[in-house]
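What follows is each chain in one-letter form.
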Amino acid sequence: MTGRIDPQHLLTVGIDVGGTNIRASVVDAEGEVLDTVQAPTPHAARALEDAIDRAVRDLARRHPIAAVGLAVAGFISEDRSTVRFAPHLPWRDAPVAQRLTARLGLPVLLEHDANAAGWAEYRFGAAAGGHTVVLIAIGTGIGAALLIDGQLYRGSHGVAPELGHLQVVPAGRACPCGKRGCWERYCSGTALADTAIELLATDPVRSVLAQDVLRDPGSLTGRRVAGAAHDGDPLAVRVMADFARWLGLGLAFVSDIFDPDLVVIAGGVSSSAPLFLDEAREHYASAVTGAGHRPLARLRTTQLGEAAGMIGAAELARAAIGAPVAGTSGR
């Protein structure tokens with residue numbers, strides 16, 4: 001699908017393999033997205049790989065593609081070739097990179113979606129220049145990435161850091177991971193809806209959002225809560241305050257463990273950062289060990305938005321073809 005070209009001008013494809021949609025983008029060496037296609041995510045492994053194949057071939061008809069990177073929300077093997085487990089995808093211990101490489105005739109690299117986003121933000125966005133950087137992607141749940149001196153840290157088995165599943169409330173809310181009281185159950189888009197329902201059950205308040213919840217609790221979403229908070233809805237404002245508290249406490253845990261100089265807040269909920277980030281920073285400053293006697297991490301929001309995972313996966317794929325991308329081998 002591609003001839004020999006100057007590595008500095010290689011085009012690669014980054015694919016965000018989500019539970020609902022597949023988004024594939026052609027990305028240049030400067031991190032610019034040149035072209036994008038999207039398709040629904042199939043629920044069978046072969047059909048999913050067929051859809052990825054079609055997306056790459058569609059883009060390759062318009063661009064000289066040299067490699068492909070997949071950003072996957074799941075556990076990836078140490079060599080980034082196998083999807084061990086992805087809760088919202090059909091792959092289980094699947095050698096996805098090998099199968100797609102054989103089909104496409106291109107090098108294919110897998111990466112955890114938060115790692116891919118963290119790498120993109122480090123190379124081209126909000127994490128540039130950071131020494132010890134933590135990216136916290138807050139959406140349906142929490143994904144996280146850790147970069148130390150420009151190296152992605154993946155742990156001994158390729159799955160670190162799973163910050164969203166730190167237990168913050170013993171015997172707390174049930175989590176799909178099988179545990180209870182995980183951080184993401186109190187600090188995510190899903191948590192916004194759950195908190196609204198719990199607050200109404202214990203302390204009813206009159207508001208438009210409260211009426212919506214009482215009529216149809218299942219229709220409530222984090223996006224709806226954030227929009228209502230922006231409009232000043234009393235229930236939604238309380239929910240966002242609770243979210244800010246949990247984010248601040250979680251940031252304190254993260255700082256106690258990693259002592260980062262920079263934290264990037266990404267994911268869908270980050271678009272509502274003006275509603276919670278200042279308050280979260282205050283909770284973080286008071287909850288961290290040694291409060292008042294140590295530097296705090298700078299808090300930034302994503303610069304690359306929803307494209308970060310695709311950009312990072314595409315950039316990391318350059319390493320698979322020998323292009324000069326630094327910092328991709330650290331674990």
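All values reported here derive from a predicted model rather than from experimental measurement.

What counts and what doesn't
- Residues numbered from 1 in each chain as written.
- Predicted model: local features only at pLDDT ≥ 70, side-chain atom pairs only at ≥ 80, totals over all residues.
- Heavy atoms only, no water.
- Phe/Tyr/Trp six-rings, centres within 6.5 Å; stacked < 30°, edge-to-face > 60°.
- Helix = DSSP H or I, 4+ residues; strand = E, 2+ residues; numbered from the N terminus.
- Buried < 20%, exposed > 50% of the residue type's maximum accessible area, 1.4 Å probe, protein only.
- Axes fitted to C-alpha atoms, helices over the stretch in contact; angles between N-to-C directions.
- Parallel < 35°, antiparallel > 145°, perpendicular 65-115°, else oblique.
- Left-handed = near helix turned anticlockwise from the far one by under 90°.
- Contact = heavy atoms within 4.5 Å.
- Nonpolar A, V, L, I, M, F, W, Y, C, P; charged D, E, K, R; others polar.

Following the criterion strictly, the structure yields four aromatic pairs and no others. Aromatic pair Tyr186 and Trp246: ring centres 4.9 Å apart, planes at 40 degrees, arrangement tilted. Residue Tyr186 is located in the loop between β11 (151–152) and α4 (189–202), and its partner Trp246 is located in helix α7 (residues 234–258); the two are separated by 60 residues in the primary sequence. Note on Trp246: relative accessible area 11%, which makes it buried.

The omega torsion of the bond from Ala160 to Pro161 falls at -10 degrees, within 30 degrees of zero and hence cis. Note that Pro161 resides in the loop between β11 and α4. For Asp149, which is not glycine, the phi torsion reads 50 degrees and is therefore positive. Considering the arrangement of structural elements, one finds Asp149 in the loop between β10 (142–148) and β11. In this structure Asp149 comes out as partly exposed when scored by relative accessible area, which is 49%. A positive phi angle, close to 60 degrees, is found at Ala171, a residue other than glycine.

What follows is about the packing of α4 against α7. It is at 9 Å that the axes of α4 and α7 come closest, and there the two elements cross at 120 degrees. Classified by the angle their axes make, α4 and α7 are oblique. The two elements α4 and α7 cross, and the hand of that crossing is right-handed. For the pair α4 and α7, the contacting residues are Leu192, Thr195, Ala196, Leu199 and Leu200 in the first and Leu235, Arg238, Val239, Met240, Asp242 and Phe243 in the second. Among the residues making up the contact of α4 with α7, the classes are represented as eight nonpolar, one polar and two charged.

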